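# Coordinates in review
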Amino acid sequence: MKKTPEPGPATWILPCACILFTAVLLVAGLWPFKLFPKNNVSWLPGQRGIELGGQGIIYSSRPFEAGQFRDSSFCSLTIRVQPRIVYLNNSGTMLAFYSAQNPEQFRLMQYHDELLIRKDHRDAEDRFKTVELELEHVFLRDEAVTFTVTAGPSGAVAYRNGVRAGRSARMRLTCADVAGQLVLGDSAVAYDPWRGKLFELAVYNQELTPQEVARAYAASGADSVSQDSVSNQGMLARYMFMEGAGREVHNSAGAGPNLIIPEVFNILHKKILMAPWEESRDKLTLRDIAINIFGFAPLGFLLGAYLARHWRWNRAVMITVIAGASISFTIEILQAIIPSRDSGVMDIFTNTFGTWLGVLLLRWPPLQAFANRWLIASPKSADHPAN
């Protein structure tokens, strides 16, 4: 049953406030509106290496094929980097291998001042599980650092500057984990940029011994590395970043592909409406959840107050919550085409909850009298929020 609202400020203030706040939510959710941002990758002047400045990405020209590997089922990799920010507030993906069957099968990530080595795999019940090896406090200011991850029958071992820094018996880095597209500087499926310098990367189709790791580190620390300073035996790819210009990084060893530096930054295989369990737990923080909830609460309060002028309480609540969910869904779909934003279902849940919470504020006694007098301004009824 419709109500006949009394004339007053709410007649025009509330609709304008609802429209204005909806516009604010759209701007906040879709900023910075750049569909084709410049790829922020640059060559280091006067030295070998490349710098990723945020919204910067490099990827292999083609996937690493399983047929390129030898009979050995274990693989290794070495990477030399220098982060721009030693202590990140969240995380940044410096290296990832992507395949359609397992989009985040292997990643190297900086989290605070730690290195996270993550591998996704399927368990006996065909569910995705993540195995993680964490190296604490490994990044120092103004210092390049070399990491090597090598695996064998007893698990994975991680080295920092040629010295063993961690081990995981559960993680077995096999050739299947690097049989896919290599991505540097960001995730292949979500916006998770890493900022810093990249000096060298090598991928091996075998397990490396501690002596081989030490020799590789000694060579990576040199300002100028000759092709013969490290044995190419077992190398699938080696990127020295010595080109100094251009949009291609050449593989100097093995059958692996070259690397491409695109002109435009884009997430290669971005997911639309990621499920909550697919979103990075480093990004899904309580702070972000709180922002999503309380960011939509004013919309629920204003729209609920406006609709309560025309409909009974239960119907006004239902329409308000549906409107909040619809606006959130629209934002998440549009975020899928903006490289610097992520599209996730969790945001829809939290935004919808925030809208519902805003409607409930109309029943909170400190706001109830204000809402009845200045916003709702209609005769009381049995199901009115003031009752």
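Residues numbered from 1 in each chain as written. Predicted model: local features only at pLDDT ≥ 70, side-chain atom pairs only at ≥ 80, totals over all residues. Heavy atoms only, no water.

## Focus: the packing of aromatic side chains
Aromatic rings considered in pairs are described by the distance between their centres and by the relative angle of their planes. Quick note on the threshold: Here a pair means two rings of Phe, Tyr or Trp (six-membered ring of Trp) with centres within 6.5 Å. Their orientation is stacked below 30 degrees between planes, edge-to-face above 60, and tilted elsewhere. Going along the chain from the N terminus, every DSSP run of H or I of four or more residues is numbered as a helix, and every run of E of two or more is numbered as a strand. Partly exposed describes any residue whose relative accessible area lies between the buried limit of under 20% and the exposed limit of over 50%, with all areas from a 1.4 Å probe on protein chains only and scaled to the type maximum.
With the rule as written, the count across this model stands at five aromatic pairs. Here Phe64 and Phe97 contribute two aromatic rings whose centre-to-centre distance is 5.7 Å and whose plane-to-plane angle is 75°, an arrangement assigned as edge-to-face. Within this pair, whereas Phe64 is found in the loop between strand S3 (58–60) and strand S4 (76–83), its partner Phe97 is found in strand S5 (residues 91–98), the two being separated by 33 residues in sequence. The same class applies to Phe64 and to Phe97, which are both buried. Here the aromatic rings of Phe353 and Trp356 are separated by 5.7 Å at their centres, their planes lie at 40°, and the arrangement is tilted. Residue Phe353 and its partner Trp356 are located together in helix H5 (residues 345–360), separated by three residues, close to a single helical turn.

## What about unusual backbone geometry?
Residues Trp31 and Pro32 are joined by a peptide bond in cis, for which omega reads 15°. Tracing the sequence through the fold places Pro32 in the loop between helix H1 (10–30) and strand S1 (41–43). Positive phi, normally seen in glycine, also occurs at Phe33, with a value near 65°. Inspection of the secondary structure assignment puts Phe33 in the loop between H1 and S1.

## Considering the side chain of Thr148
In plain terms, the rule: The definition of a polar contact used here is a pair of N or O atoms within 3.5 Å, where within protein one atom must be able to donate a hydrogen and the other to accept one, and adjacent residues in sequence count solely through side-chain atom pairs. A contact between two residues is defined here by any heavy atoms of the two lying within 4.5 Å.
Tracing the backbone through its elements, the reader meets Thr148 in strand S9 (residues 145–152). On the basis of relative accessibility, which here comes to 3%, the residue Thr148 falls in the buried class. Here Thr78 takes part through its side chain, which lies 3.1 Å from a polar atom of the side chain of Thr148. Those residues in contact with Thr148, other than ones at most four positions away along the chain, are Leu77, Thr78, Val157, Ala158, Tyr159, Leu208 and Val213.

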